[in-house]
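# Structure at a glance
Spelled out, the chains give:
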Amino acid sequence: MFCVLLFFCVVVVAVVVVVVFVVVFVFVVVVVVVVVVVVVVVVVDVAVAGVVVVVVDDDDDDDDDDDDDEMEEQIRKEETAFRKGSKRKRTQHECDVCEKSFSTASNLKTHMRIHTNERPYECHVCEKRYRQVSGLQYHMRTQH
Ligand SMILES: [Zn+2]
Ligand SMILES: [Zn+2]
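Quick summary incoming for the structure in this document. (Residues numbered from 1 in each chain as written. Chains lettered and ligands numbered in written order. Predicted model: local features only at pLDDT ≥ 70, side-chain atom pairs only at ≥ 80, totals over all residues. Heavy atoms only, no water.)

### Thoughts on the overall build of the chain
Across its full length, the chain holds four helices and four strands. Going from the N terminus to the C terminus, the chain shows its helices and strands as α-α-β-β-α-β-β-α. Within the chain, the proportion of its 144 residues that are buried is 18%. Considering only residue pairs separated by 6 or more positions, the chain has 34% of its internal contacts joining residues 24 or more positions apart. Surface exposure of the chain reaches about 10600 Å², of which carbon and sulfur atoms provide 69%. (Helix = DSSP H or I, 4+ residues; strand = E, 2+ residues; numbered from the N terminus. Buried < 20%, exposed > 50% of the residue type's maximum accessible area, 1.4 Å probe, protein only. Contact = heavy atoms within 4.5 Å. Areas by Shrake-Rupley, 256 points an atom, 1.4 Å probe, with all protein chains shown as cover.)

Here's what the structure looks like:
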């Protein structure tokens, strides 16, 4: 009789333990799913915001891939220049290296820094360097 009672107790304890484990497991899964969803939403928000900032501010913040950004920016400027050019005559300023045309000598000078890798605008705080004043201004607004 004692043995049966003991066995019954063990079974009850085992069932309770299993139930507790299942509840904890479900709770953990729910928490993980919620955290993942929140993280994904935040990351997507930041990414979208980042893209918007890049488009609005001509971001020149990242040393590794800003060549591409800058090329895209130059293409945008060229398109703008082309639209303006259709309204009035102007002198073309052509790059000797890649034969792109620019509406102003200043745009061409800025563009040439892509080829010369010149970065005249330096952050006085952390000494990061930028080709365009807009890049430095964006850096100062966002990093310091
Ligand atoms: Zn060029
Ligand atoms: Zn800095």
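From this point, things continue past the structure.
### A word on the coordination of the zinc ion (ligand 2)
At this site the zinc ion (ligand 2) is bound by C123 (SG), C126 (SG), H139 (NE2) and H144 (NE2), with donor distances of 2.0 to 2.2 Å. Here the zinc ion (ligand 2) binds four donor atoms, and the angle range of 98 to 123° at the metal identifies the geometry as tetrahedral. We note that the donor set of the zinc ion (ligand 2) lies within a single chain, spaced as C-x2-C-x12-H-x4-H. (Donors = N, O, S within 2.8 Å, 3.2 Å for Na, K, Ca; no water. Tetrahedral: all angles 85-135°; square planar, octahedral: opposite > 155°, others 65-115°.)

### Thoughts on the coordination of the zinc ion (ligand 1)
The coordination sphere of the zinc ion (ligand 1), as far as protein atoms go, consists of C95 (SG), C98 (SG), H111 (NE2) and H115 (NE2), spread over 1.9 to 2.2 Å. Around the zinc ion (ligand 1) sit four donor atoms, and with donor-metal-donor angles ranging over 103 to 118° the site reads as tetrahedral. In this structure H111 comes out as buried when scored by relative accessible area, which is 0%. The exposure class of H115 is partly exposed, given its relative accessible area of 32%.

By themselves these figures say nothing about function.
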